[in-house]
Amino acid sequence: MSPNGAKQNGEAIRFEGVTKRFGDTTAVDDLNLTIRSGEFFSLLGPSGCGKTTTLRMVAGFEQPTEGSVHLAGEPVEDVPPYRRNVNTVFQSYALFEHLDVEGNVAFGLKRRKVDKDEIRSRVAEALELVQLTGREHSKPAQLSGGQMQRVALARALVNQPSVLLLDEPLGALDLKLRKQMQVELKEIQREVGITFLYVTHDQEEALAMSDRIAVMDQGVVQQSGPPEEIYETPQKTFVAGFIGVSNLLPATVEDGGIRLATGQLVHATVPTDCPAGTSVHCSVRPEKIILEDLEDGMVSLEGEIVERIYLGTTTQVILELGPNLRVISLEQNTDRSRADDRWEIGERIKVGWRPEHALVLR
Amino acid sequence: MSTQGWAERLPVLGRRATRRRRRRRGFDRPRFLRAFFWIFMFFTFAPLAIVALFSFNSTPSLQQFDGFSLQWYDEFLSSATLRESLMASVEIGLVTMVVGTVLGTTLAFALVRARSRVAQASNLVMLIPLVTPEIVAGASALVLFAQIGIELSLATIMIAEITFSISFVTVIVRARLSALNREVEEAALDLGATRMQTIRLIVLPALWPAILAAGLLIFALSFDDFVIAFFTTGESPTPLPVQIYSSIRFGVRPTINAIGTSMLLISFLILAVAVLLPRLLGRREEENVLIGRDAA
């Protein structure tokens, strides 16, 4: 399969100042974003952040209040959903209950009056891609959640759209199946080379599958970029807090660093737009927090252990640096037989991190 | 007999006793319900059975069955008036079924899909025909036709019956329609179906059992309706129930038994068609919906 109409390495979707209002609420606020063709792009954010509305504007189920959506370079305001070269995988799967698997998958091709023999071979091909060969004549009611999900995927992919829109497609599956489908989706995307626009509130899912992620909150893209960039160098407190676990320590900018609420002056790179006296947050990932074995040049603080949680591969240690100021540290359990017996609750130990691992966020 | 032997047998005895007890009276099936059931069956079907039996009586007696004969059917069908009345009733039933189902279904769409204030108010207004006493509906229809100067005829009965029936259809179809997942329709649009194709290929197949059930219900209601028909009927032909009522004033003739049995047969035939149609089309699950075995 090769994507129709999508120029290789060209742009697949472009949002130009797109705003969508429902009554008094603004669901999407002045969105400017370009998604390249062949890309696995995720819109990530909490529920109500506008990510699904964004997706629905691409599908054609909603019209932007302002601005315009471009598909393969062409504005699509006047194009109804059934004429857009995009297909959607819905959260509820939205299978046609009265049709069997084959009927569901062939639906789109039949609407486009594709030749009967070609329909048959393309349906078979799509079902093979999602590993459902042999279930052609099952009704949706006879399938498991994972199988229905695959039918929904095959039904969309068989049309070879230029963009595939996925609206939390794995939301209804259990954890194990979800992990498995994440890998499969990524493999399928690589195989068919179609642009995937994936909506999810699950940051782990977005990190695992995407080429690029746009983190949305309150209708605004807070940050977009490759997963590593989003995770390692979040530019906003919201992004740091939403992606993974992060220690967000309140601090004030001073000459040569930031002063934490505990009173210590800590070395850190301060963004140029933060003059001395600005209130900021210092973000450090739990796996970057080092306990006891501090090296030269590291930030060095002291804290009291308040909780240890054994998580299998890691142990989560919660320390109190001062009143209402806690940090979480993740200790790998590689070297020790058990990490939870290293320190006692109540013990005071050294806590630190490399200055380059601390991000100062407004 | 040794003690050990008894120990081996005891559980067996115990199990058998339990099984017998359970069969005789499960706690969820009290014995008096069985009596209720048979009383219900008796009062429902005994009068029908008697009417059917006496429609074949060879004498005019309504007390004593004297032998088999088809003379009352012959009298019924050879009377031009009665034949016309029967045809009129069938016509009323069919026209009401078709027109009422179409209008009621479209109204259901409007009520479920429109988000306007009018639609919300209409949801309540629509229930009024359901709770209006039929005699009021009939009388007010008559007043209306008189006011605007429409001559009473079969058409006026049909108009009144359709008005009365739309609500039944709307209530039934609306329930099914609002249970439909909107994403399914969006999926059809997304896959290249136009709005009309989406309704034809996706929505109507899902609503089909409800529409069929509603159509049958209003056929049955209008086919043998007396009250509304009585008020809105013209001179001739009069619908069968009205015709029977007026003929009773001149004395009860056994022909009525033949007419009643025929009407019963027509109703049963319609029901049989409704149950068999999905089966003939190879769609068993819809038949299950119709006769209340819809588990999913």
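Thresholds applied
Residues numbered from 1 in each chain as written. Chains lettered and ligands numbered in written order. Predicted model: local features only at pLDDT ≥ 70, side-chain atom pairs only at ≥ 80, totals over all residues. Helix = DSSP H or I, 4+ residues; strand = E, 2+ residues; numbered from the N terminus. Buried ≥ 20, exposed ≤ 12 C-beta atoms within 10 Å, placed from the backbone. Contact = placed C-beta atoms within 7 Å. Domains from an automatic or database assignment. Core = buried A, V, L, I, M, F, W, Y, C linked by C-beta atoms within 7 Å. Pairing = 2+ DSSP bridges. pLDDT = per-residue confidence, 0-100. Axes fitted to C-alpha atoms, helices over the stretch in contact; angles between N-to-C directions. Right-handed = clockwise from strand over helix to strand, strands pointing away. Parallel < 35°, antiparallel > 145°, perpendicular 65-115°, else oblique. Left-handed = near helix turned anticlockwise from the far one by under 90°.

Undergrad: How would you sum up the overall build of chain A? Please name residues and give values.
TA: Secondary structure summary: chain A contains 8 helices and 20 strands in total. C-alpha extents for chain A along the principal axes are approximately 75 × 50 × 35 Å. The burial tally for chain A puts 41% of its 362 residues in the buried class. Across chain A, the fraction of contacts at a sequence separation of at least 24, relative to all contacts at a separation of at least 6, is 66%.

Undergrad: Explain the overall build of chain B to me, and be specific about the residues and the numbers.
TA: Check the secondary structure of chain B and you find 14 helices and 0 strands. Expressed as a percentage of the 296 residues in chain B, the buried residues total 28%. Taking as baseline every contact in chain B between residues at least 6 positions apart, the subset at least 24 positions apart corresponds to 73%.

Undergrad: Lay out the domain arrangement of chain A with the relevant residues and their values.
TA: According to the domain assignment, chain A consists of domain 1 (11-232) and domain 2 (245-361). For domain 1 of chain A and domain 2 of chain A, the distance between their C-alpha centres works out to 39 Å.

Undergrad: Explain the nonpolar core to me, using residue names and the numbers behind them.
TA: Core analysis: the largest hydrophobic core is formed by 100 residues, its most contacted members being V58, A152, A154 and L197 of chain A. Looking at this core element by element, the count peaks at 7 residues for helix α4 (residues 145-157) of chain A. In terms of domain composition, this core takes at least three residues from each of domain 1 (11-232) and domain 2 (245-361) of chain A. Those residues in contact with V58 of chain A that lie beyond four places of it in its chain are I13, V69, V86, V163, L165 and L197 of chain A. Ranked by size, the runner-up nonpolar core spans 33 residues in total, among them A137, A141, F164 and A210 of chain B.

Undergrad: Please provide a residue-by-residue account of the pairing of strand β14 (residues 279-284) of chain A, values included.
TA: Where strand β11 (residues 247-254) of chain A lies against β14 of chain A, 6 bridges are found, and the strand directions are antiparallel. Pairing of N247 of chain A across the sheet is with V284 of chain A, part of β14 of chain A.

Undergrad: A description of the environment of C49 of chain A should follow, citing residues and the corresponding values.
TA: Residues and elements named next belong to chain A. Considering the arrangement of structural elements, one finds C49 in the loop between β3 (40-44) and α1 (51-59). Separated by 21 residues in sequence, C49 and H70 have C-alpha atoms that sit 21 Å apart. When neighbours within four sequence positions are excluded, C49 is seen to be in contact with M216, D217, Q218 and G219.

Undergrad: Can you tell me about the sheet that holds strand β5 (residues 74-75) of chain A, naming the residues and giving the values?
TA: Residue and element names in this part refer to chain A. Strand order in this open sheet of 4 strands is β2-β1-β4-β5, and the pairing throughout is antiparallel. Edge positions in the sheet fall to β2 (25-36) and β5, since each of these pairs with one other strand and no more. As paired strands, strand β1 (residues 11-22) and β2 are joined by 8 bridges and run antiparallel to one another. Following the sheet pairing, R14 is matched in β2 by T34.

Undergrad: Before we move on, could you go through the confidence of the model for chain A and cite the residues and values that matter?
TA: Mean pLDDT over chain A: 89, with 96% of residues reaching 70 or higher. Note on residues 1-8 of chain A: pLDDT under 50 across the span, and 22 contacts to partners over four residues away in sequence or across chains.

Undergrad: Talk me through the interface of chain A and chain B; I want residue IDs and the actual numbers.
TA: At the interface, 19 residues of chain A touch 16 residues of chain B. Sorting the residues of the side of chain A that touches chain B by element identifies β6 (86-89) and α2 (101-111) of chain A as the ones contributing at least two each. The element that contributes the greatest number of residues to the side of chain A that touches chain B is α2 of chain A, accounting for 3 residues.

Undergrad: Now, about the sheet that holds strand β7 (residues 163-167) of chain A: what can you tell me, with residues and values included?
TA: Residue and element names in this part refer to chain A. Taking strand neighbours across the sheet as the criterion, the 6 strands line up as β6-β7-β8-β3-β9-β10 in an open arrangement whose pairing is mixed. Two strands in the sheet have a free side with no partner beyond their single neighbour: β6 and β10 (220-225). Averaged over all neighbouring strand pairs, the angle between strand axes comes to 20°, with direction disregarded.

Undergrad: Describe the pairing of β7 of chain A, naming the residues involved and giving the relevant values.
TA: All names here are of chain A. Of all 5 residues that make up β7, 5 are buried, and the element is covered over most of its length. By the alternation rule, side chains of β7 split into V163, L165 and D167 and L164 and L166, which are all buried. Note that β6 and β7 share 4 bridges and pair parallel. Note that in β7 the partner of N87 across the bridge is L164. When β7 meets strand β8 (residues 195-200), the two strands line up parallel, connected through 5 bridges. The partner of V163 across the bridge, within β8, is T195. For the crossover from β7 across helix α5 (residues 175-192) to β8, the handedness is right-handed.

Undergrad: I'd like a rundown of the environment of T233 of chain A, residues and numbers included.
TA: All names here are of chain A. Mapped onto the elements of the fold, T233 is located in the loop between α7 (227-232) and α8 (237-242). Given 13 C-beta atoms within 10 Å, T233 falls into the partly exposed group. Along the chain, T233 and E39 lie 194 residues apart, while their C-alpha atoms are 21 Å from each other.

Undergrad: Requested: an account of the packing of helix α9 (residues 182-190) of chain B against helix α10 (residues 195-223) of chain B, with residues and values cited.
TA: Between two packed helices, both the angle of their axes relative to each other and the distance between the axes serve to describe the pair. Residue and element names in this part refer to chain B. At their nearest, the axes of α9 and α10 sit 10 Å apart, and the two run at 135° to each other. The orientation of α9 with respect to α10, classified from their angle, is oblique. For the element pair α9 and α10, the recorded crossing hand is right-handed. Between α9 and α10, the contacting residues are V184, E185, A188 and L189 on the first element and T198, L201, I202 and V203 on the second.

Undergrad: Describe in detail unusual backbone geometry, supporting the description with residues and values.
TA: Phi angles above zero are rare outside glycine, and E168 of chain A is one such case at about 40°. Following the sequence through the fold, E168 of chain A ends up in the loop between β7 and α5.

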